[in-house]
Amino acid sequence: MASPQLLALLLLLLLAGTGTGTGTAPTLIFLLGGQSNMGGRGGATSGAWDGVVPAECAASPRILRLSPELRWEEAREPLHAGIDVHNVLGVGPGMPFAHAVCASRAIPPSTVIGLVPCAQGGTPIANWTRGTELYQRMVTRARAAMATATATATTAALLWYQGEADTIRREDAEVYAGKMEAMVRDLRRDLALPELLVIQVGIATGQGKFVEAVREAQKAVRLPWLKYVDAKGLPIANDYTHLTTPAQVKLGKLLAKAYLSTL
Ligand SMILES: *[C@@H]1O[C@H](CO)[C@@H](O)[C@H](O)[C@H]1NC(C)=O
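Residues numbered from 1 in each chain as written. Predicted model: local features only at pLDDT ≥ 70, side-chain atom pairs only at ≥ 80, totals over all residues.

## So, the sheet that holds strand S2 (residues 63–66)
Backbone hydrogen bonds are what pair the strands of a sheet, in a parallel or an antiparallel way.
Right, on to step 1. One open sheet holds the 7 strands; their spatial order is S3-S2-S4-S1-S5-S6-S7, and the pairing between them is mixed. On the outer flanks of this sheet lie strand S3 (72–74) and strand S7 (226–230), each paired with one strand and no other. Neighbour-to-neighbour, the strand axes of the sheet open up by a mean angle of 25 degrees, direction not taken into account.
Right, on to step 2. Judged from the 3 bridges that link them, S2 and strand S4 (residues 113–117) form a sheet pairing that is parallel. Bridge pairing in S4 links Ile-63 to Ile-113.
Right, on to step 3. On the sheet, helix H3 (residues 94–103) packs against strand S1 (28–34), S2, S4 and strand S5 (154–161) and is oriented at approximately 160 degrees with respect to S4. (Pairing = 2+ DSSP bridges. Helix = DSSP H or I, 4+ residues; strand = E, 2+ residues; numbered from the N terminus. Axes fitted to C-alpha atoms, helices over the stretch in contact; angles between N-to-C directions. Contact = placed C-beta atoms within 7 Å.)

Structural data, given as structure tokens:
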């Protein structure tokens, strides 16, 4: 018959062995860029956020975010608070994405996800080319994330949901693919991550009438290490622009599936 002390010791060893992932620095980093549907407007399209956080978006010790002050903290909705400024924020795809990645058997249980929110509402791709404020902010945040993560951490992907603001003028839609390709090439070079995976979301809505033209441009983007996930068909709020909270949960899962398919 084992003594209570021995049982307690065995339990401790068991807990340590399974790695519950409560570290304060992440092991797996994801960059999140784009405009409002990446920033998150789920439940926030009527002037205020309804505060509804589904289980798939709940805070977890295994999911951190890089704060506006470039520090790691437990992530919670709205994930882009302090980043996607001057907007009423709600649920986006980042938290459900991280939960779905954590739940995968392809990921070690000791994994701690580090989300690096960088999106800003209403911004066309021209606001993200090399030299712009938003591009520079994304590079600065990505570098800070890599510098403060665990020594063996990996920067796994950029999740990108943007293009609605490029549907207003035909000229913008026409140059979209080239601008997107240039942005990714520049980012990979500036971060010294030449094989950084990019998961691009096909837009479901637009601020103008050239939605199909931008969607075609997105599909025409030619880059290595690029995945495409389509948001078209997901539930849209009554502003005809933003994904609902359930839609963001679904998108997060689709993004996770796309990422996990690359492992
Ligand atoms: C987007 O670009 C326009 C034109 O250069 C600029 O006026 C605006 O401040 C930019 N917005 C952001 C959020 O960087």
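Still more ground to cover, so stick around.
## Section: the pairing of S4
Right, on to step 1. The buried fraction of S4 amounts to 5 of the 5 residues, a majority that puts the element mostly inside the structure.
Right, on to step 2. In S4, alternate side chains face the same way, and those of Ile-113, Leu-115 and Pro-117 on one face and Gly-114 and Val-116 on the other are all buried.
Right, on to step 3. Here S1 runs beside S4; their pairing, made up of 5 bridges, is parallel. When the bridges of S4 are listed, Phe-30 appears paired with Leu-115. (Buried ≥ 20, exposed ≤ 12 C-beta atoms within 10 Å, placed from the backbone.)

## Quick notes on the site of the ligand
Right, on to step 1. Neighbouring the ligand are Gln-120, Thr-123, Asn-127, Glu-133 and Leu-134.
Right, on to step 2. Residues that form the shell around the ligand fall into these classes: 1 nonpolar, 3 polar and 1 charged. (Near = placed C-beta within 6 Å. Nonpolar A, V, L, I, M, F, W, Y, C, P; charged D, E, K, R; others polar.)

## Quick notes on the UniProt feature "domain: Sialate O-acetylesterase" (unreviewed entry) in the chain
Right, on to step 1. This chain's UniProt record puts "domain: Sialate O-acetylesterase" (unreviewed entry) on residues 28–260.
Right, on to step 2. Secondary structure across residues 28–260 comprises 32% helix and 16% strand; the distance between its end C-alpha atoms is 13 Å. (UniProt positions renumbered as here; feature names shortened; annotations may be inferred.)

## Topic: helix H6 (residues 176–190)
Right, on to step 1. Here H6 spans 21 Å end to end across 15 residues, near enough to the 21 Å set by a 1.5 Å rise per residue.
Right, on to step 2. Where H6 is concerned, the buried positions are Tyr-176, Met-180, Met-183, Val-184 and Leu-187. Take H6 and look down its axis: the buried residues cluster within an arc of 95 degrees, on one side only.
Right, on to step 3. Contacts made by the buried residues of H6 are with helix H5 (170–174), strand S6 (197–202) and helix H7 (211–219).
Right, on to step 4. Taken from the residues just after H6, Ala-192 is the one with a positive phi, measuring 55 degrees. (Expected span 1.5 Å × (residues − 1). Arc of directions from axis to C-beta.)

## Thoughts on the environment of Pro-246
Right, on to step 1. Positionally, Pro-246 belongs in helix H8 (residues 245–260).
Right, on to step 2. For Pro-246, a count of 17 C-beta atoms within 10 Å corresponds to the partly exposed category.
Right, on to step 3. Sequence spacing of Pro-246 and Glu-216 is 30 residues, and the spatial spacing of their C-alpha atoms is 26 Å.

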